[in-house]
Structure formats: structure tokens, C-alpha cells
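Coordinate analysis (summary)
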Amino acid sequence: MIRIRDLSVRFGEVEALRVAALEIASGERVGVRGPNGSGKTTLLRLLAGLLQPTSGSVEGRPPPGRGVLVHQRPHLYRGTAEENIAQALAWQRRPRRAAAQWLDRVGAGHLRDRTASVLSGGERRRVAIARALAVGPDCLYLDEPFAALDEAGARSLIEALRAFPGTLVVAAPTLEGAPIDRIVDLHRARIQA
Amino acid sequence: MEFLAEGVREAVRLVLAGDATTFHAVYVSLLCTVTSVTAAALIAVPYGAWLGLYRPRGAQAQVFLLRVGMSIPTVIVGLLVFALLSRRGLLGSLDMLYTKGAIVIGTTLLAFPLLATLAHGAAAGLAPEVVETPLTLGAGRFRSMLAALGEVRVAMAAAYLAAFGRCLTELGISVTVGGNLVRRTRTLPSTIQLELSRGDFAAALAPGLILVLLACGAAALTHRLSREARS
């Protein structure tokens, strides 16, 4: 269970996020909805342990590697899509040979031998999500995962996310079709009651 | 102009004749430069990248000090190393003054702030996703830093070559702590300085030509690396 209490994140003079209380149970699927600049990315980075609160507390966050964030503009390293996943598996000391099957699960098996630099935005996103799933996280945080995806790509991704057994937090301006149990609304850096 | 052309002709003849003293200076220059820049890079690049990627407390002050270090004249670095290695100095017991080791220590100190500053600049300019991706995938801070450095490898290679150029051409350190001893610590720049003080322009120009060739080689290597990275 992740618990956030009286939390504030400030970047200089700007308050990027304020949360009075938020709880996310293990295995729960939560959607975070809000317009651009509402603090969705800040909340996900906070949950993933990539950001510390300026004040307040956040308890129960799994450590990096167990809680994995897929960025809105995911970064892939040089090499093929498969090599990117193999690299992540190597970081976690897992067998690299399992890399290709994770691409199949998000409907991106055909991208296996393509170099990261030639992939489109939607393709990069699917490879990045396959990479995140491959390391077997307890919590998965996805920042606008369906942006730039075609219908078939979105369908494959939704299926893969439905099969994911851990906690899922999906942030996007709209969450239609996303495999989530409840929605948390963010507006002007504050979570709405 | 005729004086210059005559000097160049004589310098080319000296280089082609394989003058042993000049080529020993090439050897000393390359040995000291490669050793010191490599030694400095092993610490300075991760250090600068760490400052740029993770912005620890006091990072700004450390970057400021590195920039100060970068602008200190080489002769002052030479004096500092001289004070350390002279008989009454902190490391006087090592008896290293007027050796190649002393030049290596000095040029390592010269290369360190340059490499660390350039590594910091390259790392700080990366998008946060570049280092956050391996971090969130459980790579740990050190391996995440290495992954991020891989993304700026061309900039790092260029930084290495810039430090190489600076150390290869410096004069203050090699004269102050190397002593300009023939076939022991005489480098290309100290050879130029000595021959010019003797009034032998062609003999001063010969090592100068070799320095220019080495600089061209370093620049060509940087250019090739940049093209490979773009392709």
C-alpha cells in the first residue's frame, strides 16, 4: 500500500504538486486524469522514487526496479528494440534471452531488430513499456501510454496491461479504454476530492 | 617571408632525417600526455557526470571551482607541483622532481578540471529521461551514470582530445617540474622554447611541425567520431 500524506513538491517558487491524502492499494489500477501541466508527471516521478517531496510523506513506495516509470517521451538507448530490453534485463541480472517475448506481448514483435533511432513515437512507447514489463516490477507507472498509438497498438497494449499482475498507475488527460479501477483527478497541481 | 620558408624547409629536412633528440621529445610528450589525460579522465569524467546528472548538494560550488581550475595558467600548476615535489615539499621523499612522473602529475592536474567541466556540461544537458530510465529500471546510480555517459560518448571523446591537445602543447609544467633534460624530460614545446632561445628557428620549427601534425590527427579523429555518431 502506497500512502501519501500532506505532501508538497516545489520547484523553486512553483508548487508543482500538493496532495492532502492518497492511498493506492497493492494490485490496484489507478488512473490519474488531468490537463497538461496539472502535475501528473510529478506525481508519477514521486511514486517511482525519482523525486523527493519538499514536505509531507510518501510511504510504501517500492524501490526503483520494483516500481518502474515509463516516461511520456521514453528514452531508448542505441541498439535494437530487443537489445534495449536485454539491457534492462541485464541491469536486473535476469536472463537476456527473454527479451523478444516481451515485445510480442505488446504487439511489437516485428520491431525486434529495428534500431531505436528509426522507431516512431508510438513504437518507442510500446518498446519502452515492453522493457518495463520485462523487469517484472511490482508497480508500473505509465505517463500518457496511449499517446501516438494506432488502434491495433493500443489494443495490444491494453491486453498486456490487463495481464500485468501488479499495481498500475496510468496518467493521461483522458483515460477512455484504459484498464483501470478508479480515477484520481488532478487540477492545478492539486488532487480533487 | 623567405626566412620563414627557409625555416620550414630546414624543419622538414630535420623531421625527415629522423633527428633522435626531436623524436625522443615526441615520445616523452606522447607518453606523458596519454598517461596523464587517461588517468585524469578515469576520475574526472565520472565525477563531472555525477555532478551534472545528480546535482548533489554543493554541486554549483564544485563546478565553480573546476572552472577556476581550468583557467589557472599552466606555469602556476607547475609551481604547485614543484612545491609538492621539491625536497622540502610534502612529496619530496619520492624524489620525483625533474622526471617524467612529475610532468605526468602536473598535466593530470591540468587535464582534470577541463575533463570534469566538459563531462558536467554534457551530462547536465541531457534530458532527465536519459538517466531516469536506467534508474527506474533498477540499474543503480553508477550504472545509470555509465548508461547516460554512453549517450554523450562523442562529446566525451572530444573532451578527451581537447585535454590531450592542452597537455601536449603546455610548456609551463614540463619546464618547471620536468627540467627540460635532454632525452629524459624534454618535450616538444620545451624543445621549441629552448631552440628558439638559442636562435635556431628551423630547429624550433621542426618539433612545431610535429605538434601541428599531432593536433591535426586529434582533430581528424574527433571529426570522424562525430560523423560516426551522426550516422
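Residues numbered from 1 in each chain as written. Chains lettered and ligands numbered in written order. Predicted model: local features only at pLDDT ≥ 70, side-chain atom pairs only at ≥ 80, totals over all residues.

Below, the discussion takes up the overall build of chain A. Looking only at helices and strands, chain A has five helices and nine strands in total. Tracing chain A from N to C terminus, the helices and strands come up as β-β-β-α-β-β-α-α-α-β-α-β-β-β. Relative to a compact globule of 193 residues, whose C-alpha radius of gyration would be 16 Å, chain A shows 16 Å and is just as compact. With the principal axes as the frame, chain A shows a C-alpha extent of 45 × 35 × 30 Å. In chain A, the proportion of contacts linking residues at least 24 apart, taken out of those at least 6 apart, comes to 70%. (Helix = DSSP H or I, 4+ residues; strand = E, 2+ residues; numbered from the N terminus. Rg over C-alpha atoms; globule rule 2.2 N^0.38 Å. Contact = placed C-beta atoms within 7 Å.)

Okay, the overall build of chain B next. A count of helical and extended segments in chain B gives eleven helices and zero strands. Each helix and strand of chain B, ordered N terminal to C terminal, gives the series α-α-α-α-α-α-α-α-α-α-α. Across its three principal directions, the C-alpha atoms of chain B cover 65 × 50 × 25 Å. Counting across all 231 residues of chain B, residues that qualify as buried make up 41%. Within chain B, contacts between residues separated by at least 24 positions form 77% of all contacts whose residues are at least 6 apart in sequence. (Buried ≥ 20, exposed ≤ 12 C-beta atoms within 10 Å, placed from the backbone.)

All names here are of chain A. Of all five residues making up strand S6 (residues 139-143), five are buried, and the element is well covered by its neighbours. Side chains of S6 alternate between two faces, with Cys139, Tyr141 and Asp143 and Leu140 and Leu142 buried alike. Direction of pairing for strand S5 (residues 67-70) relative to S6: parallel, over a ladder of four bridges. Paired with Val70 across the two strands is Leu142, which belongs to S6. Of the pairings in the sheet, the one linking S6 to strand S7 (residues 167-172) comprises five bridges and is parallel in character. Residue pairing in the sheet places Cys139 in a bridge with Thr167 of S7. Considered for its hand, the β-α-β crossover made up of S6, helix H5 (residues 151-163) and S7 is right-handed. (Pairing = 2+ DSSP bridges. Right-handed = clockwise from strand over helix to strand, strands pointing away.)

Bringing the nonpolar core into the picture now. Within the largest apolar cluster, 115 residues are counted, with the highest numbers of intra-cluster contacts made by Ile85(A), Ala130(A), Tyr141(A), Val169(A), Leu115(B), Ala119(B) and Ala163(B). With 15 residues, helix H5 (residues 100-124) of chain B is the largest single contributor of residues to this core. (Core = buried A, V, L, I, M, F, W, Y, C linked by C-beta atoms within 7 Å.)

Residue and element names in this part refer to chain A. Here strand S3 (residues 29-33) runs beside strand S8 (residues 182-187); their pairing, made up of four bridges, is parallel. From the neighbouring strand, Val32 faces S8, where its bridge partner is Val184. Relative to strand S9 (residues 190-191), S8 runs antiparallel, the two sharing two bridges. Residue pairing in the sheet places Leu186 in a bridge with Ile191 of S9. What sits between the antiparallel neighbours S8 and S9 is a turn of two residues, in which Arg188 has the positive phi angle 50 degrees.

Residue and element names in this part refer to chain B. Even without a glycine there, the phi angle at Asn180 is positive, about 55 degrees. As for its position among the elements, Asn180 is in the loop between helix H9 (172-176) and helix H10 (188-197). Here Asn180 falls in the partly exposed class, since 19 other C-beta atoms lie within 10 Å of it.

Remember that the coordinates give geometry; whether it matters functionally is a separate question.
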